[in-house]
Structure formats: structure tokens, C-alpha cells
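Read off the chains here:
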Amino acid sequence: MIKPVRILLCFFMAASIPASENPNYRDASLPVEERLADLLQRMTLEEKIGQLSAFGTRDTAAFDESGNFISTMDTAVINRGVGAFYARGLFRGKTPEIQARCINGIQRYMIEKTRLGIPVWMFNESLHGLTAPGATSFPQAIALGCSWDTTLVEQVYAVAAKEGRIRGTRQVLSPVVDLARDPRWGRTEECMSEDPYLASRMAVAAVFGFQGRQLPVGHEHLAVTLKHFAGHGQAFGGRNIAPVNYSEREFRETHLIPFEMAVKRAHALSIMASYNEWDGVPNHVNHKLLTDILRGEWGFDGYVMSDGGGLDVTYRNHLAAKDSAESGVLSIRAGVDYDLGSRGCFRALQDQVNKGNVTDAEITRAAANVLRVKFFAGLFDDPYIEPDAYGPALESGGDRELALKAAHECMVLLKNENQILPLDPEALRTLAVIGPNAADIHLGTYSTVPMFGVSVLEGIRDFAGDRFRVIHEPGCQLTLNENIHWRLNEKPILGDPETDRKMIKQAVKAAERSEAVVLVIGENEMLNREAWNEEHLGDTDDLNLVGRQNDLAEALFRTGKPVVVILINGRPLTVNAIQEKADAILECWYLGQETGHAVADVLFGKVNPSGKLSVTFPRSVGQLPCYYNKKPSDFRHYILADSSPLYPFGFGLSYTEFAYSHLMLLPERIRTDGSTDVTVEVTNTGTRAGDEIVQLYIHDQVSLPTRPFRELKDFTRIHLEPGETRLVRFRLTPDKLQAYDMNMQRTVEPGIFEIMVGGNSLNTISGNLTVE
């Protein structure tokens, strides 16, 4: 499959310029490109290849008793320099002081002992907070998306960045900016939204939080990795790594938008290719995606890394290359610059250059992209951590105040029959907290293990104090696996039916002794997670509640007691019976370390819920796909079924009510390059203060190519006191009206656009905009 190519001689060819005491690449006052060019001309081909992958060890002799790094590994490999270093498990059991010395010892060795002294990356995950002991666990990404609060998201990831820098992390493998277009997919919880515009706004905010708003990266920030590029969130059948074969038009109008915005508006420094294929070409070898679009059209100047073992997937799963060497060649030609965890795919590059299958220029391009980001991230100028700050960070417990605020904003009130919520603590003598998710903390995937935080039961008991009694019964079992967490490489073991029946009877007895019931159900980390092998599955063909949870709920409904359902889960669930019979439903997702305190605050009215769904809830799997922004011809109903969503995109109730009026467009007629202001009055007509998320949608009434009948194009979060009216203003600019034309160029098409504003995607008021 590989055709030999001629090795090009160029300025950046492997050179023999020796390192000097004060080379230009170490001069922080010089521009990054000048420093980069100076470093590249000094590097041999072998040293460039060294920057394209990591080196690690499990050898406990790699550090001495004081934490100094000792090169007991392949000296020739380590001394040429490497892109990143990982020391798996070597810090366990060491004091914080020694751990800090180990981290600095690795950088010191690379800087002082290798020929050119190039520092190494130290990666970490930070999907919803840094995955490290003592770091803050914020609400899961799908929950953060339901906050619709870009300021909050930027603050959350700024805290994660600061906590990472203290620990030596210089690049995070976050944020995930995929679209959650199929809830069967086990990684749905990692995404912020099904909608490209909302996901884009959140993606930009996340990058600003991690990297800061200017380059080079500041001392409390670090480099990001946008993932997974692209289409990963809508794989065929909701199966992880399955093909994504949508048209280029649809692909560009949906899955590519969040990546494009994060690159163009926030200067994201790195992107991770996704495991799936697009249009028959695996993304790790997709030149059109990784080079033509990403660099040629968007001007991306960072580096592209593979997903973990992604180059192996090309030849082992896609069968698109004959072996690891060919996969490495195809990947570097396509635009992959860094190999994250494949088994030797880039290690054969020296041999492939010698054979004429890869050029020196291609190697140099990849090395330049990796090194450019190391310069931008400040690695050359500030490579070490502060040992005195490291130890306290491990014991801090994170930013509890921001974690609580985030959890407050992420909860979505789905039902509140007869205003049963908030509960009045003065009217309670006994409250039953029932359910398999009540007593344990669940944080979702990519969380620190072991997981820590406040459970729903603990939070309610803390709130209750001696005001009322709290009794608890699990009611049924979800999974019987021990030490449940997202990394556990086991299949879920479901509860025993007979045992569950006995537990349900005990739960009913508890409910009958109480004035009200809080039922905490949903999923856990064994049931919704990344499917990375047959022992670690996470995708599903059924969105109903697992096990006997529906039986438990039905038994509690029959008691006649008020039942408030708390959903702890990572994806939309088909909770039709719950919606029909529960008195109230609060979608909490995974709320992070402050779960229990946040839930109690909302249950008892200290906080008014304000979240809005960033994804659509289907009534059944048969409705999929069910995202809101469908094309006009997707209107036919199913026979003998309600084809509407269970809960629409953008939906969420409050303890107060909001009214929309006086929608105006100034002007009502514009040219194709013009803009208009959209204003609307929003009034809090209830008796409680609350936040409302005002959403603006458009519909191009006649368009070719066709467009969705509703597209989110702006939103804002406002706070209103009882009786207060606020004039909300949106600026509708050409970039919000345009779409890809028949020639695949973004244009604004003349015609009439319906402009809709409201509190969710279905309940809006509207006016017309004429574009000439």
C-alpha cells in the first residue's frame, strides 16, 4: 500500500549544529517561531522522531530515595529526547515531598542530561476536573452543558488548569467537544451538548479556562487537547469506534463546528484524532480532515495527537493498513504529529525514512508542531513545579465553593406537579431517601479513583440536622461489582431479582413511615462508560432504567406518598413511567464532589433550579436519532406512538415562571452582509427570584440546500427578581445566518428567516427577518 517517496532536502533537514550554552531557542524574549527554527536546525532526524511519542517506565529504580530521576531505561532512547514521559504507579507510597522531587527530577534529567535539553510533556485527564488526588471534581461534562453558563465553564476549567500546573501537568487531554447525537453511546456523558452552537460556545469557554485568553500560556494555565476529531459522538448504532458516514455537508454543519470555533476563536493548541472513520477513511489517516480542513482552512498551528492506541486501531480494527509500520506512515502523512500509546507505529519512522516511505520534511513538520506548542505552553521557560505547593494541593479537597455553584446550575427540573418542590422542612417529621444511588457518590467517567464526595443521602442528612428524621433503604441493586469505578475492567453484574424484591418491600415500609420520598435512581459508572474492550463495554441498545428500578418506583408510587425522583446518570434515559407518575423529577447527571449538598439545596428551596437540557430525551430507542435540529422532511409520525420527545432540547423548569413578550427586530430588513438586533422582554411572573436561560433560534423558511427547521444561534442567562422585567438583546450577524450553499461555501441566502426566542426549543415567540 505504501509507495516510496523521495526524501526532500530542505532547510530543516537533520543537522549537526551543536548545542551551545545560550542558543536562541532558550531565549524567552524571542518570538516563538524564531526559537523554533533555531531548535529545529540543531536537531538530528532521530531527535525529531523522539518528540513524536512518549517514553515511560514502571521500574521502581527509576528514582532514587530522594526523588532524583535515574536513567535505568533504554539510554539511547531517553537521551535523544522524548515528547512526553509517564511513570505509571511509581509515585504511589511516596510522600508528597518526594513525589514533587520526582516530577522535577524527570524534567531536570531531560533538560540537563540530554543533548538539546528539551523538556517533556506530562499529560493528565481533566474532563470535569483534574483526575488527581485532592483536585476538584466538578459536574460531568453533560451536566456542565446544561448550565448554559460559559462564564461558569471557563471558571471550572481555570481551576482545573491551576490544579494541574501545581502537580506538574502541562497539557490536559481535554475538553471533549464531540456532539452527543446518540444517547446509546457510552461516552455521551463526556459531551456538553447535541447542538453545534451550544457545544461551540462551551468549547471556547473551556479552552479559555484551561489556556487563558492569550499566548504564551500563563503560569496558572496549560495546553488543551480538543477531542475527539471528529464525529465520534454519532457513530453507527451508538457503538464506540463504529463508522461515521455522513455527508460532508452534514459533517461540516454539525460535528466540525465546535472544533473550528475552538481553533479559530480560542487558539486551541492541540487536537486528538478520533477512532472512527469518516466517509470510509479512518480519521487517523484522513488527510482531508487532519490537514486540508484543520490546517488549510482553519489555520491550526498546534499539533495533532492520536487517541490512545489510535494508530493500532487503523490496522487492527479498521484493517486499513497491513501492520503498525504502515499505519505510522499513513498517519504521519495524513497529519498526525504525535503517537499517544500505540505499539511501535512511530518507532519505525527512522526505518521508513531510510526506505523512502516518509520524508524528512514530514518528520520535521510533526516535530515542529509538537515543539511549537511546548514553547507556547511555557515548558522551555518554566519547566518545574513548586514543591512547597504540591503537598498542600493533595490535601486541599479542591475548590468546594465553585464545585457547589456548578452543581447548583447544572440540575434540570423536569417535572414539578402541584409545586411539590421545594419541600418544606417544617412539614416533615420523617423523610425516606430511597434508591440504589442514594448512599454512594457517583462522579462518572474520567474521575479520580477512588471517587470522593458527598452523596445525596449524606447531603440531605446534613441539611436535616435535628429538624426531621431521615431514613434510608437502597430499594434494589444496580450492580454487584465491588469497588465500582469507571476504570474497572469488568462487565457489570446485575442484582439478583429475588433479593431486589425483598429490598423493594423494605423500601415500601420506609416510605409508609414517611411524609415524603426522595427516590435516587439512574445509572452508575459500570453501566455508562467508554467501551474500550469486550470486558469494558459501555454502549447500550436500551435506554430504560436498568434492573428493578422501575419496579421499585411503581411500588413507591402505589403508597400514595409524594415521590421526588432524583436521576443520577450519564445519558438521556427513557423514563416514561417516571414522568407519568412521579410528583417531581430532578435530572442531576453526575454532579461532582458536592452532589449531596447541591441536591439538598435545591430540594429544600435554598437554590432555585435553573439548568436547561443540552440534549433531547427520547421516549424510546426507536425514536433515535432524536436531536432537535432536524430537517423539514423529518416530520412523519410513528404508528400508534407519540413521536414528540419526552423532554425537548433547552427544556427546564423553575420554582418561578417567566413570560416572554414584545419581540422586536431592528431593522426587520437587512442585506446579506448586514446585521440586526433582536430584543425581547422577559418577566419573572412568579414569587421567587430565579435565573432564566433565554434562547434564540432561527429558521430559514425556504432554503436550498435544506436547513433544519430550528437552529440555536444565541443564548444568555439572566437573573430576575419576582415581578422584574428585563430587556434582552441579541445581535444577529451574518455568521449566525449563513450556511453551506450548493458549492460548499458559507453564504447568507436571501429570503425570510423566522426568528424565535423562548425558554426552550419548542415554546417560543417569533418574528420575521427579511434578508435581501
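In this text the structure is predicted, and so the values were computed from the model without any measurement.

## Remarks on the overall build of the protein chain
Next, step 1: Helix and strand content of the protein chain: 22 helices and 25 strands.
Next, step 2: Each principal axis of the C-alpha distribution contributes one length, and for the protein chain these read about 80 × 70 × 45 Å.
Next, step 3: Counting the 772 residues in the protein chain, one finds 62% classified as buried.
Next, step 4: Contacts spanning at least 24 positions in sequence make up 78% of the contacts within the protein chain whose residues lie at least 6 apart.
Next, step 5: Summed over all atoms, the accessible surface of the protein chain reaches about 29,300 Å², with 49% contributed by carbon and sulfur.
Next, step 6: For the protein chain, the centre of its 79 positive side-chain charges and the centre of its 99 negative side-chain charges are spaced 2 Å apart.

## Focus: the pattern of salt bridges
Next, step 1: Scanning all chains against the criterion turns up 43 salt bridges.
Next, step 2: For Arg101, the salt bridge identified is with Glu97, shortest N-O distance 2.8 Å. In this pair, Arg101 and Glu97 both sit in helix α4 (residues 96-113), four residues apart, roughly one turn of the helix.
Next, step 3: Here Glu97 falls in the partly exposed class, since its relative accessible area comes to 48%.
Next, step 4: Asp149 is the salt-bridge partner of Arg717, the closest N and O atoms lying 3.9 Å from each other. Taken together, the residues Arg717 in strand β20 (residues 711-720) and Asp149 in the loop between α5 (141-145) and α6 (150-166) connect sequence positions 568 residues apart. Asp149 carries the same exposure label as Arg717, and that label is buried.
Next, step 5: Taken together, the shared-partner salt bridges connect Asp149, Lys405, Glu409, Asp691 and Arg717 into one network.

## Topic: the sheet that holds strand β21 (residues 725-732)
Sheets are built from strands paired through backbone hydrogen bonds, the pairs being either parallel or antiparallel.
Next, step 1: The strand order across the open sheet built from three strands is β16-β18-β21, with neighbouring strands paired in antiparallel fashion. Each of the sheet's edge strands pairs with one partner strand only, and the pair in question is β16 (658-666) and β21. Averaged over all pairs of adjacent strands, the angle between their axes in this sheet comes to 20°, without regard to strand direction.
Next, step 2: Across eight bridges, the pairing between strand β18 (residues 676-684) and β21 is antiparallel. For Glu681, the partnering residue across the bridge sits in β21 and is Leu727.

## Focus on a negative patch on the surface
Next, step 1: Side chains of Glu482, Glu490, Glu534 and Glu535 sit close together on the surface and give a patch of like negative charge.
Next, step 2: With respect to the helices, strands and loops of the structure, Glu482 is situated in the loop between β12 (469-473) and α18 (497-512).
Next, step 3: Residue class for Glu482 comes out exposed when judged on its relative accessible area of 64%.

## Some details on the packing of aromatic side chains
Next, step 1: Per the stated rule, a full pass over the model turns up 22 aromatic pairs.
Next, step 2: Their ring planes at 40° and their centres at 4.7 Å tell us that Tyr157 and Phe210 sit as a pair that is tilted. Highlighted residues: Tyr157 in helix α6 and Phe210 in helix α7 (residues 196-211), separated in sequence by 53 residues. The residues Tyr157 and Phe210 share a single accessibility class, namely buried.

## So, the pairing of strand β25 (residues 764-771)
Next, step 1: Two strands pair when backbone bridges link them, and strand β17 (residues 669-670) and β25 are joined in this way by two bridges, in the parallel orientation. Pairing of Arg669 across the sheet is with Thr770, part of β25.
Next, step 2: Here strand β24 (residues 751-758) pairs with β25 via eight bridges, running antiparallel. Along β25, the bridge assignment pairs Met756 with Ser766.
Next, step 3: Linking β24 back to β25 in an antiparallel pair, the connection comprises five residues.

## So, unusual backbone geometry
Next, step 1: The residue after Ser174, namely Pro175, is reached through a cis peptide bond having omega 5°.
Next, step 2: Tracing the chain through its elements places Pro175 in the loop between β4 (171-172) and α7.
Next, step 3: Residues Phe229 and Ala230 are joined by a peptide bond in cis, for which omega reads 0°.
Next, step 4: Following the sequence through the fold, Ala230 ends up in the loop between β5 (226-229) and α8 (248-253).

## A closer look at the nonpolar core
Side chains of a nonpolar character, in soluble globular proteins, are inclined to be buried together.
Next, step 1: Core analysis: the biggest nonpolar cluster contains 193 residues, and Phe229, Leu431, Ile434, Ile460, Ile566, Ile578 and Phe604 have the highest contact counts within it.
Next, step 2: With near-sequence residues (within four places) excluded, Phe229 lies in contact with Leu256, Phe259, Ile271, Met272, Ala273, Ser274, Asn283, Leu289, Leu290, Leu294 and Trp298.
Next, step 3: The next biggest cluster of nonpolar side chains, apart from the first, holds 23 residues, and it includes Tyr660, Phe730, Leu769 and Val771.

## Overview of the state of the cysteines
Next, step 1: According to the stated counting rule, one finds zero disulfides in the structure shown.
Next, step 2: A disulfide-free cysteine, Cys146 has its sulfur positioned 7.2 Å from the sulfur of Cys410, the nearest such atom.
Next, step 3: We classify Cys146 as buried; its relative accessible area is 0%.
Next, step 4: Cys626 takes part in no disulfide bond, and the closest cysteine sulfur, belonging to Cys146, lies 14 Å away.
Next, step 5: With a relative accessible area of 12%, Cys626 lands in the buried category.

## Description of the sheet that holds β20
Next, step 1: One open sheet holds the five strands; their spatial order is β17-β25-β24-β19-β20, and the pairing between them is mixed. Strand pairing shows two members of the sheet lacking a second neighbour, β17 and β20, which therefore form its edges.

## As for the environment of Leu402
Next, step 1: Here Leu402 shows up in helix α16 (residues 400-410).
Next, step 2: Those residues within four positions of Leu402 in sequence are excluded, and the remaining contacts are Phe138, Leu152, Gln155, Val156 and Val159.

## Notes on the pairing of strand β14 (residues 563-568)
Next, step 1: Along β14, six of the six residues are buried, which leaves the element largely enclosed by surrounding structure.
Next, step 2: Because side chains alternate across β14, one face comprises the buried residues Val563, Val565 and Leu567, and the other comprises Val564, Ile566 and Ile568, equally buried.
Next, step 3: Of the strand pairs in this sheet, strand β13 (residues 516-522) and β14 are connected by six bridges, and their pairing is parallel. Note on β14: the bridge partner recorded for Val517 is Val563.
Next, step 4: The parallel pair β13 and β14 is bridged by helix α19 (residues 549-557), and the resulting crossover is right-handed.
Next, step 5: Note: β14 against strand β15 (residues 584-587), four bridges, orientation parallel. From the neighbouring strand, Ile566 faces β15, where its bridge partner is Leu586.
Next, step 6: In this fold, β14 hands off to helix α20 (residues 576-581), which returns the chain to β15; that crossover is right-handed.

## Structural notes on the side chain of Lys415
Next, step 1: Mapping Lys415 onto the fold places it in strand β10 (residues 412-416).
Next, step 2: Nearest to the buried, unbridged Lys415 among oppositely charged side chains is Glu417, at 4.2 Å.

## Focus: helix α12 (residues 324-334)
Next, step 1: Here α12 lies mainly inside the structure; nine of its eleven residues are buried.
Next, step 2: Lining the buried residues of α12 we find α10 (287-297), α11 (310-316), α13 (349-354) and α14 (360-376).

## Observations concerning the packing of helix α1 (residues 32-42) against α14
Next, step 1: Contact pair α1 / α14: the axes reach a minimum separation of 10 Å and the direction vectors enclose 130°. By the angle between their axes, α1 is oblique relative to α14. At the point where α1 passes α14, the crossing takes the right-handed sense. Only Thr364, Ala367, Ala368, Leu371, Arg372, Phe375 and Phe376 of α14 make contact with α1, whose side of the interface consists of Val32, Glu33, Arg35, Leu36, Leu39 and Leu40.
Next, step 2: Across the contact of α1 with α14, the residue classes break down as nine nonpolar, one polar and three charged.

Rules behind the numbers
Residues numbered from 1 in each chain as written. Predicted model: local features only at pLDDT ≥ 70, side-chain atom pairs only at ≥ 80, totals over all residues. Heavy atoms only, no water. Helix = DSSP H or I, 4+ residues; strand = E, 2+ residues; numbered from the N terminus. Buried < 20%, exposed > 50% of the residue type's maximum accessible area, 1.4 Å probe, protein only. Contact = heavy atoms within 4.5 Å. Areas by Shrake-Rupley, 256 points an atom, 1.4 Å probe, with all protein chains shown as cover. Lys, Arg positive; Asp, Glu negative; His and termini not counted. Charge placed at Lys NZ, Arg CZ, Asp CG, Glu CD. Salt bridge = Lys/Arg side-chain N within 4 Å of Asp/Glu carboxyl O. Pairing = 2+ DSSP bridges. Axes fitted to C-alpha atoms, helices over the stretch in contact; angles between N-to-C directions. Patch = residues over 30% accessible without salt bridge, like charges linked within 9 Å, V, L, I, M, F, W, Y side chains within 5 Å. Phe/Tyr/Trp six-rings, centres within 6.5 Å; stacked < 30°, edge-to-face > 60°. Core = buried A, V, L, I, M, F, W, Y, C linked by side-chain atoms within 4.5 Å. Disulfide = S-S within 2.5 Å. Right-handed = clockwise from strand over helix to strand, strands pointing away. Parallel < 35°, antiparallel > 145°, perpendicular 65-115°, else oblique. Left-handed = near helix turned anticlockwise from the far one by under 90°. Nonpolar A, V, L, I, M, F, W, Y, C, P; charged D, E, K, R; others polar.

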